[in-house]
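# Remarks on the overall topology
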Amino acid sequence: MYGWIWRKLPFGLPGKLVGSLLIASAMVALLWYVVFPWAEPLLPFDDVQVTQDSGDPGGGDVVPGGGEGDGAPTGDEHDLPYDTEQNNTPPASPDE
């Protein structure tokens, strides 16, 4: 199919290059402005869940750091809920 299109484009090599760029940009514009907006409501990309239900009737949201939103411990606000020390140790050399 692409060979047929290349052979049918006029004006030699410069015309074929310009024509193929025009066709490619027209296809990108068609996808970007027509096909993707049409398909977006059909795709589940907006169906995200940021909080968890803790089971409380009060509906307290669970903060990813592990504590409740209002009662989170103060201190370093960049505390990670997992250990990163194992990633900082260099691998053992094969001679040891």
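Everything numeric in this text was worked out from a predicted model, so none of it was measured.

This brings us to the overall build of the chain. Along its length, the chain carries three helices and zero strands. Ordered by position in the sequence, the α and β elements of the chain form the string α-α-α. For the chain, buried positions account for 5% of its 96 residues. With the model as given, the accessible surface of the chain reaches about 9,000 Å², and the carbon-plus-sulfur share is 62%.

Now for the confidence of the model for the chain. Summing up the model confidence of the chain, the mean pLDDT is 76 and the portion of residues at 70 or higher is 62%. Between the elements of the chain, mean pLDDT differs from a low of 66, seen in helix α3 (residues 85–88), to a high of 95, seen in helix α2 (residues 12–39).

For the rest of this paragraph, the subject is the side chain of K16. Its location among the elements puts K16 in helix α2. Buried charge without a partner: K16 forms no salt bridge, and the closest opposite charge is E40, 38 Å away. For K16, the side chain forms a polar contact with the main-chain oxygen of L9, separated by 3.5 Å. Not counting residues up to four positions away in its chain, the partners in contact with K16 are W6, R7, L9 and P10.

In this section: unusual backbone geometry. The phi torsion of most residues other than glycine is negative, and most of the peptide bonds are trans. Positive phi is not limited to glycine here, since F11 has a value of about 70 degrees. With respect to the secondary-structure elements, F11 resides in the loop between α1 (2–8) and α2.

The volume enclosed by the second largest pocket comes to roughly 150 Å³. M1, Y2, I5, W6, L9, S20, I23 and M27 together form the lining of the second largest pocket. At the level of secondary structure, the elements contributing two or more residues to the lining of the second largest pocket comprise α1 and α2. For the lining of the second largest pocket, the class distribution of residues is seven nonpolar, one polar and no charged.

Reading the values: the criteria
Residues numbered from 1 in each chain as written. Predicted model: local features only at pLDDT ≥ 70, side-chain atom pairs only at ≥ 80, totals over all residues. Heavy atoms only, no water. Helix = DSSP H or I, 4+ residues; strand = E, 2+ residues; numbered from the N terminus. Buried < 20%, exposed > 50% of the residue type's maximum accessible area, 1.4 Å probe, protein only. Areas by Shrake-Rupley, 256 points an atom, 1.4 Å probe, with all protein chains shown as cover. pLDDT = per-residue confidence, 0-100. Lys, Arg positive; Asp, Glu negative; His and termini not counted. Salt bridge = Lys/Arg side-chain N within 4 Å of Asp/Glu carboxyl O. Polar contact = N/O pair within 3.5 Å; in protein donor to acceptor, adjacent residues only side chain to side chain. Contact = heavy atoms within 4.5 Å. 1 Å grid on protein atoms, 1.4 Å probe; cavity = no way out; pocket = protein on both sides within 12 Å on 5 of 7 lines; lining within 4 Å. Points joined across faces, edges and corners; volume = space filled by probe spheres on them. Nonpolar A, V, L, I, M, F, W, Y, C, P; charged D, E, K, R; others polar.

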